[in-house]
Amino acid sequence: MRLLAAVDLGSSLEALVESARFLQGGLGVPAQVLHVVPSPYWEDLARRFPHLAPQVEELLRLVRAEVEKALDATGLPVQVLRGFPAQVVAAEALKSKLVLLGRGGEAPLEALAKGGLARYLLHRGEVPVLLLPRALTGVRRIAVGLDESPASLAAFRVAEAWGRALGAEVLGLHLVSGHGGCCFPTYLDPGKLSVPEVLERAKAHLEALLKATGAVEVSWGEEEEDLLRLAEARGADLLVLGSKARSTWRHRLGRMVEVLALQSPLPLLVVPEAAVW
């Protein structure tokens with residue numbers, strides 16, 4: 001298995017490569033760079049105009065060769081493939097332990113393309129995906145967004161494994177809100193309790209599920225962004241969320257992934273419910 005850094009030639013290339021190098025050393029898993037040449041348009045053109053097929057094929061060959069030459073400078077193993085990028089990356093992800101993706105970019109088209117690829121992989125829910133708005137070159141504290149779902153508990157276990165490998169502290173963060181908020185606690189009735197009682201019982205409930213004492217901080221929060229603010233306030237270098245991508249129950253942490261995947265300035269690791277590290 002490998003760490004798969006799916007790159008284009010845009011502004012996020014260097015950050016992805018730096019992150020892949022760091023995680024390769026820290027996690028002890030070899031990293032590989034993947035670039036997909038988006039060839040379907042040109043291949044369709046060659047089928048529609050057969051007399052252009054030799055020139056199109058030669059163009060794609062030259063592009064692939066130039067991209068391989070440019071990416072060889074990263075010092076990591078390089079794979080350059082042709083096809084529809086989302087489908088090719090998804091297929092290669094099945095042979096990987098983790099996929100690294102740049103998030104956003106300087107140009108609107110670059111940001112749109114990367115966002116679409118990220119959503120496609122997250123919705124498939126087959127492999128952990130690390131979304132990188134910037135390079136990840138050191139981790140001292142890992143924050144995990146928690147609720148009582150199996151996806152959340154799986155994310156915490158993966159974060160623990162990363163913490164051991166990287167020498168980082170792991171902190172579980174749990175939000176509680178009232179009716180209509182992002183994180184209404186279905187496992188107790190906050191209407192009959194004071195806020196301190198709600199927070200205390202929520203903490204005890206989560207720590208019992210995790211079988212860990214002192215590993216969870218519970219805070220009041222009405223919006224998904226409150227989790228991000230809490231993680232930043234605690235000095236987290238990495239935020240981890242569990243994904244319910246294959247569940248029809250879209251509530252709380254599923255919504256967390258949808259919101260924070262687009263907004264988090266922290267590197268965000270999204271862990272599918274069935275993932276084991």
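Note that the structure is predicted; figures quoted are calculated from it, not measured.

A look at the pattern of salt bridges
Inspection of every chain in the model, using the stated rule, returns 15 salt bridges. Lys69 serves as the salt-bridge partner of Glu66, at 3.6 Å between the closest nitrogen and oxygen. Placement of the pair is Glu66 and Lys69 together in helix 3 (residues 53-72), with a separation of 3 residues, close to one helical turn. The partner of Glu223 in a salt bridge is Arg229, and the shortest N-O contact between them spans 3.8 Å. Members of the salt-bridge network, linked through shared partners, are Arg2, Glu92 and Lys95.

Section: the sheet that holds strand 2 (residues 31-38)
Reading across the sheet, the 10 strands line up as 3-2-1-4-5-10-9-6-7-8 and stay open at both edges, with mixed pairing between neighbours. Of all strands in the sheet, those bounded by a partner on one side alone are strand 3 (78-83) and strand 8 (216-220). The average undirected angle you get between the axes of adjacent strands in this sheet is 25 degrees. Pairing geometry for strand 6 (residues 141-145) and strand 7 (residues 169-176), over 5 bridges, is parallel. Among the inter-strand pairings, Ile142 is bridged to a residue of strand 7, identified as Val170.

As for the pairing of strand 7
Burial analysis of strand 7 places 7 of its 8 residues in the buried class, which makes it a mostly covered element. Bridge count between strand 7 and strand 8: 5 bridges; the pairing is parallel. Residue pairing across strands places Leu175 opposite Ser219, the latter belonging to strand 8.

Considering the nonpolar core
The nonpolar side chains of soluble globular proteins are, as a tendency, buried together. With 53 residues, the main nonpolar core has Leu23, Leu100, Leu130, Ile142 and Trp162 as its most contacted residues. Trp162 has contacts with Leu23, Leu27, Leu98, Leu130, Ile142, Gly167, Leu238, Leu269 and Trp277, leaving out every residue within four places of it along the chain. Listed in part, the 39 residues of the second largest apolar core include Leu4, Ala90, Ala118 and Leu230.

Some thoughts on the confidence of the model for the protein chain
Considering every residue of the protein chain, the mean pLDDT works out to 86; 90% of them sit at 70 or more. When the criterion is pLDDT under 50, residues 248-253 qualifies, and its contacts beyond four places in sequence or with other chains add up to 17 contacts.

Overview of the packing of aromatic side chains
Overall, the coordinates contain 2 aromatic pairs when judged by the stated rule. With 5.3 Å between their ring centres and 80 degrees between their planes, Tyr41 and Trp42 make a pair best called edge-to-face. Classification of Tyr41 as exposed rests on a relative accessible area of 54%. Between the aromatic rings of Trp162 and Trp277, the centroid separation amounts to 5.5 Å while the plane-to-plane angle is 65 degrees, which identifies the pairing as edge-to-face. Taken together, the positions of Trp162 in helix 6 (residues 150-166) and Trp277 in the segment after strand 10 (268-272) put the pair 115 residues apart, joining distant regions of the chain. In this arrangement the basic side chain of Arg48 is found over the ring face of Phe49, its NZ or CZ atom lying 5.3 Å from the centre. Geometry around Trp277 places Lys97 over its ring, the cationic atom sitting 4.8 Å from the centre.

Digging into the side chain of Gln32
By the element assignment, Gln32 lies in strand 2. Its relative accessible area of 17% is what places Gln32 among the buried residues. At 2.3 Å, the side chain of Gln32 and the side chain of Arg2 are in polar contact. The residues contacting Gln32, other than those within four sequence positions of it, are Arg2, Leu3, Leu4, Ala5, Pro77, Val78 and Gln79.

Rules behind the numbers
- Residues numbered from 1 in each chain as written.
- Predicted model: local features only at pLDDT ≥ 70, side-chain atom pairs only at ≥ 80, totals over all residues.
- Heavy atoms only, no water.
- Salt bridge = Lys/Arg side-chain N within 4 Å of Asp/Glu carboxyl O.
- Helix = DSSP H or I, 4+ residues; strand = E, 2+ residues; numbered from the N terminus.
- Pairing = 2+ DSSP bridges.
- Axes fitted to C-alpha atoms, helices over the stretch in contact; angles between N-to-C directions.
- Buried < 20%, exposed > 50% of the residue type's maximum accessible area, 1.4 Å probe, protein only.
- Core = buried A, V, L, I, M, F, W, Y, C linked by side-chain atoms within 4.5 Å.
- Contact = heavy atoms within 4.5 Å.
- pLDDT = per-residue confidence, 0-100.
- Phe/Tyr/Trp six-rings, centres within 6.5 Å; stacked < 30°, edge-to-face > 60°.
- Lys NZ or Arg CZ within 6 Å of the ring centre and 35° of its normal.
- Polar contact = N/O pair within 3.5 Å; in protein donor to acceptor, adjacent residues only side chain to side chain.

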